[in-house]
Amino acid sequence: MKYASEDQREPVVDQTAGPAASAHGRTEQARATAPAPHDEQQGTRNRVARSILDHGPSTAAELALRLELTQAAVRRHLDALVAEGVVEPREKRVYGTRGRGRPAKAFALTDCGRDAFDQAYDQLASDALRWIAQSAGGGEKGEAAVAAFARARLAEQAEGYREAVESAEPEARTEALAKALTADGYAATARSAPNPQLGEQLCQHHCPVAHVAEQYPQLCEAETEVFSRLLGTHVQRLATIAHGDGVCTTFVPKAGAGKPAHSTTTKTTTASASTAGRNPA
C-alpha cells in the first residue's frame, strides 16, 4: 500500500554518482511531473473550441495566429473536433470580390459543441415558457404571453447594461454594449459592417438560451428591441445562432447614415423585431 507521503516524495539522487546521475534524476523528476500527452492534447483542443466560441467561425490560419500554434497543429485538432461532432467546416463568407483559388474553410461549433459550454436547464426553460403559453390560452394569446415575459426579462437584464452604454461616447456605445454582454456570457464583439460608412455589427458568438430561442423566437425579438432602446437607434437582426447561423449578428447604423433616425426608428425597430430569430434571406 502507498501512503500519501510516498506519492509526494521527490526522487533521491545519489550525490556521489556524479553529474550524469544528477541529470538523470532531474530528467526522471521532470517526466513524473509533466502532464500526460493525452491531457495536453485535450487541453489544446479545448482552447481551439473555446476560441471558436469566443470569436465565431474561424479558419485554421486565424486560429493558429490567435492561439500561437502552427497551422498544421491546429488542423490536427480541428480534424479531431470534427470527428467528435464538436465543430463543422463551412465555406467562409467573403464580402466583395472573391480572389482566385479555393475559398478557405471556416470552422463553426455544432449544437453538440455549444452544449459543452454552459448550456444547462434548457428543458426547464422550455417547459416554463410552454406553461406560460398554455396558461394564457394558447394560440395568439399564448404567443403574446411569452413575448411579454421575454420583454420583462430582457428589460430587467438591460438595466445592467444601461450605465455602461450611456457613459460611453456615442461612437463607442456598440463596443460598450458588447463588453457588457460578454460579461454576461455572450462572447460579444463590435466590428465594422462590410460597408463601414453605414454602421457596425454587434456579434454575439455565444447564446446561453439558443436552444430555447429556437422554439420561442420571442426571446430574440425582445433582445433586438432592447438593443434598439439602449443604443438609441433602430437596429436590424441579420442572423441568429438559434436558427443555424454561426453568430448572432445585429446591424447598428451610424448616426445620419441613410434616412434620419427620428423618422424611421419606430418603423424599422418593428421590422427588425419581426425578423429576429430568423435566417437572413
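Just above, that's the structure.
Read on for a plain summary of the structure.

### Points about the packing of helix α7 (residues 122-135) against helix α8 (residues 139-166)
Here is step 1: Across the interface, α7 lies against α8 with an axial gap of 7 Å and an inter-helix angle of 130 degrees. Between α7 and α8, the angle falls in the class oblique. Along this stretch, α7 crosses α8, giving a crossing that reads as right-handed. Across the interface between the two elements, L129, I132 and A133 from α7 touch G142, A145, V146 and F149 from α8.
Here is step 2: The residue makeup of the contact of α7 with α8, split by class, is six nonpolar, one polar and no charged.

### Here's the deal with empty space enclosed by the protein
Here is step 1: By the definition in use, this model includes two cavities of 30 Å³ or more.
Here is step 2: Roughly 100 Å³ of internal volume is contained in the largest cavity.
Here is step 3: Taken together, 14 residues form the lining of the largest cavity, with C207, V209, L219, C220 and E223 sitting closest to its centre.
Here is step 4: Among the secondary structure elements, those contributing two or more residues to the lining of the largest cavity are α8 and α11 (218-231).
Here is step 5: It is α11 that provides the largest number of residues to the lining of the largest cavity, a total of three residues.
Here is step 6: Considering only residue class, the lining of the largest cavity consists of 10 nonpolar, one polar and three charged.
Here is step 7: Put simply, the second largest cavity is a space of about 40 Å³.
Here is step 8: Taken together, L154, Q157, A158, Y161, L181, E223, V226 and F227 make up the full set of residues lining the second largest cavity.
Here is step 9: Elements supplying a minimum of two residues to the lining of the second largest cavity: α8 and α11.

### Let's talk about α11
Here is step 1: Across its 14 residues, α11 extends 20 Å between first and last C-alpha, which sits within 8% of the 20 Å expected from 1.5 Å per residue.
Here is step 2: With respect to burial, α11 is a largely interior element, 13 of its 14 residues being buried.
Here is step 3: Just downstream of α11 lies G232, where phi reads positive at about 70 degrees.

### Points about the sheet that holds strand β3 (residues 188-192)
Here is step 1: Pairing is antiparallel across the open sheet formed by four strands, whose spatial order is β3-β4-β6-β5. Edge positions in the sheet fall to β3 and β5 (236-239), since each has one partner strand and no second. The average angle at which neighbouring strand axes cross in this sheet is 25 degrees, direction not considered.
Here is step 2: Here five bridges tie β3 to strand β4 (residues 199-204), and the two strands are oriented antiparallel to one another. Across the sheet, the residue bridging to A188 is Q204, located in β4.
Here is step 3: The sheet strands contacting α11 are β4, β5 and β6 (248-253), and the helix crosses β5 at an angle near 135 degrees.

### Here's the deal with the nonpolar core
Here is step 1: By size, the foremost hydrophobic cluster in this structure holds 28 residues, and its most contacted members are Y161, L177 and L181.
Here is step 2: Looking at this core, the elements that each hand over two or more residues are α7, α8, α9 (173-183), α10 (210-215) and α11.
Here is step 3: By residue number, the principal contributor to this core is α11, which donates seven residues.
Here is step 4: Sequence-distant contacts of L177, that is, excluding residues within four places in its chain, are made with Y161, V165, L202, F227, L230 and L231.

### Some words on the environment of R50
Here is step 1: Mapping R50 onto the fold places it in helix α3 (residues 37-55).
Here is step 2: Classification of R50 as partly exposed rests on a relative accessible area of 37%.
Here is step 3: Sequence separation between R50 and F117 is 67 residues, and the spatial gap between their C-alpha atoms is 8.6 Å.

### Observations concerning the packing of α8 against α9
Here is step 1: Orientation of α8 relative to α9, taken along the N-to-C sense of each, is 145 degrees, at an axis distance of 8 Å. The interaxial crossing formed by α8 with α9 has right-handed handedness. Here α8 contributes Y161, A164, V165 and E166 to the contact with α9, which in turn contributes R173, A176, L177, A180 and L181.

### What about the side chain of Q218?
Here is step 1: Position of Q218 relative to the elements: it lies in helix α11.
Here is step 2: Of note is the side chain of Q218, whose polar atom sits 3.3 Å from the backbone oxygen of E143.
Here is step 3: Residues in contact with Q218, not counting those within four places in the same chain, are E143, V146, A147 and A150.

### Quick look at helix α4 (residues 60-67)
For the α-helix, the turn length of 3.6 residues means that residues three or four positions removed from each other point alike.
Here is step 1: Where α4 is concerned, the buried positions are A60, L63, A64 and L67. Summarising the axial view, the buried residues of α4 lie within an arc of 100 degrees, below the 170-degree limit, and thus occupy one face.
Here is step 2: At the C-terminal side of α4, E68 shows a positive phi close to 60 degrees.

What counts as what
Residues numbered from 1 in each chain as written. Predicted model: local features only at pLDDT ≥ 70, side-chain atom pairs only at ≥ 80, totals over all residues. Heavy atoms only, no water. Axes fitted to C-alpha atoms, helices over the stretch in contact; angles between N-to-C directions. Helix = DSSP H or I, 4+ residues; strand = E, 2+ residues; numbered from the N terminus. Parallel < 35°, antiparallel > 145°, perpendicular 65-115°, else oblique. Left-handed = near helix turned anticlockwise from the far one by under 90°. Contact = heavy atoms within 4.5 Å. Nonpolar A, V, L, I, M, F, W, Y, C, P; charged D, E, K, R; others polar. 1 Å grid on protein atoms, 1.4 Å probe; cavity = no way out; pocket = protein on both sides within 12 Å on 5 of 7 lines; lining within 4 Å. Points joined across faces, edges and corners; volume = space filled by probe spheres on them. Expected span 1.5 Å × (residues − 1). Buried < 20%, exposed > 50% of the residue type's maximum accessible area, 1.4 Å probe, protein only. Pairing = 2+ DSSP bridges. Core = buried A, V, L, I, M, F, W, Y, C linked by side-chain atoms within 4.5 Å. Polar contact = N/O pair within 3.5 Å; in protein donor to acceptor, adjacent residues only side chain to side chain. Arc of directions from axis to C-beta.

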